[in-house]
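Here is what each chain is made of, one letter per residue.
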Amino acid sequence: GRSVIAIEMDNGGLGPCRLVPFEGSSRGKLVGPENGQCTHAVWAPDGRTMYFTSNASGSFQIWRQSFPDGRPEQLTFGPTEADGLAIAPDGRSLFSSIGFDQGAIWLNDGDTERQVSAERSAVLPAWGEGFPTSVFSPDGAKLYYLVESGPRRGFSSGELWVTDLAAGSHERVLPGLSMTTFDISADGQRVTFA
């Protein structure tokens, strides 16, 4: 009853969890995996174990750590991700939602709808404040978007891809370079990105 697990967020997005004294006498210390985002945290009823969901391993998985100074241990593995975390009052069962998180880009041309993104999780084919103003090539024949790669460390990010809408072909524009947002120039020859 003297420590609290805090889930922290700053301008870069979510960070690791932090164990802080309840009375606020210090900033405390990081707990759980230190190289990933912590989205959920719960205490075991006996107060001896902390449980977290973190993407330190590349996807959101469940971790545990003995209180106060144990080492984080990954409990779940695989292509699915954990979202949410609860523990039974007797401490014998842990509950989470496990599944896949994947985004796809669809195009509606008035008569038909079709998926235009590559197979992996695609994001950011939107425009408006804070988003690219041009996701289509000047002639409207190509669509640009991001395909997520690696663990999320903040806002959605990924490699810039382009789909030729007539041919249906997909290709990476800047292979190996991850970005959070982009904009295509009016002549379609340059890209600005963060």
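Criteria and cut-off values
Residues numbered from 1 in each chain as written. Predicted model: local features only at pLDDT ≥ 70, side-chain atom pairs only at ≥ 80, totals over all residues. Heavy atoms only, no water. Pairing = 2+ DSSP bridges. Helix = DSSP H or I, 4+ residues; strand = E, 2+ residues; numbered from the N terminus. Axes fitted to C-alpha atoms, helices over the stretch in contact; angles between N-to-C directions. Disulfide = S-S within 2.5 Å. Core = buried A, V, L, I, M, F, W, Y, C linked by side-chain atoms within 4.5 Å. Buried < 20%, exposed > 50% of the residue type's maximum accessible area, 1.4 Å probe, protein only.

Structural notes on the sheet that holds strand E2 (residues 13-21)
Item 1. Spatial strand order, E1-E2-E3: three strands in an open sheet with antiparallel pairing. The outermost strands of the open sheet, each flanked by one partner alone, are strand E1 (3-10) and strand E3 (29-31). Averaged over all pairs of adjacent strands, the angle between their axes in this sheet comes to 45°, without regard to strand direction.
Item 2. Two elements, E2 and E3, share three bridges in a ladder whose sense is antiparallel. Across the sheet, Cys17 pairs through a bridge with Val31, a residue of E3.

Details of the state of the cysteines
Item 1. One pass over the full model with this rule turns up one disulfide.
Item 2. Between the sulfur atoms of Cys17 and its disulfide partner Cys38 the distance amounts to 1.9 Å. Across the disulfide from Cys17 to Cys38, rotation about the S-S bond amounts to roughly -60°, and the bridge is consequently left-handed. Taken as a pair, Cys17 in strand E2 and Cys38 in strand E4 (residues 38-43) lie far apart in primary sequence, 21 residues in all.

Details of the pairing of strand E9 (residues 94-99)
Item 1. The pairing of strand E8 (residues 81-87) with E9 spans five bridges and is antiparallel. If you follow Ala86 over to E9, its bridge partner there is Phe95.

Thoughts on the nonpolar core
Item 1. Ranked by internal contacts, the top residues of the largest apolar core, which has 16 residues, are Val116, Leu143, Tyr144, Tyr145, Leu160 and Phe182.
Item 2. Those elements giving two or more residues to this core turn out to be strand E13 (142-147), strand E14 (158-164) and strand E17 (182-184).
Item 3. Looking at this core, the element that brings in the most residues is E13, giving five residues.

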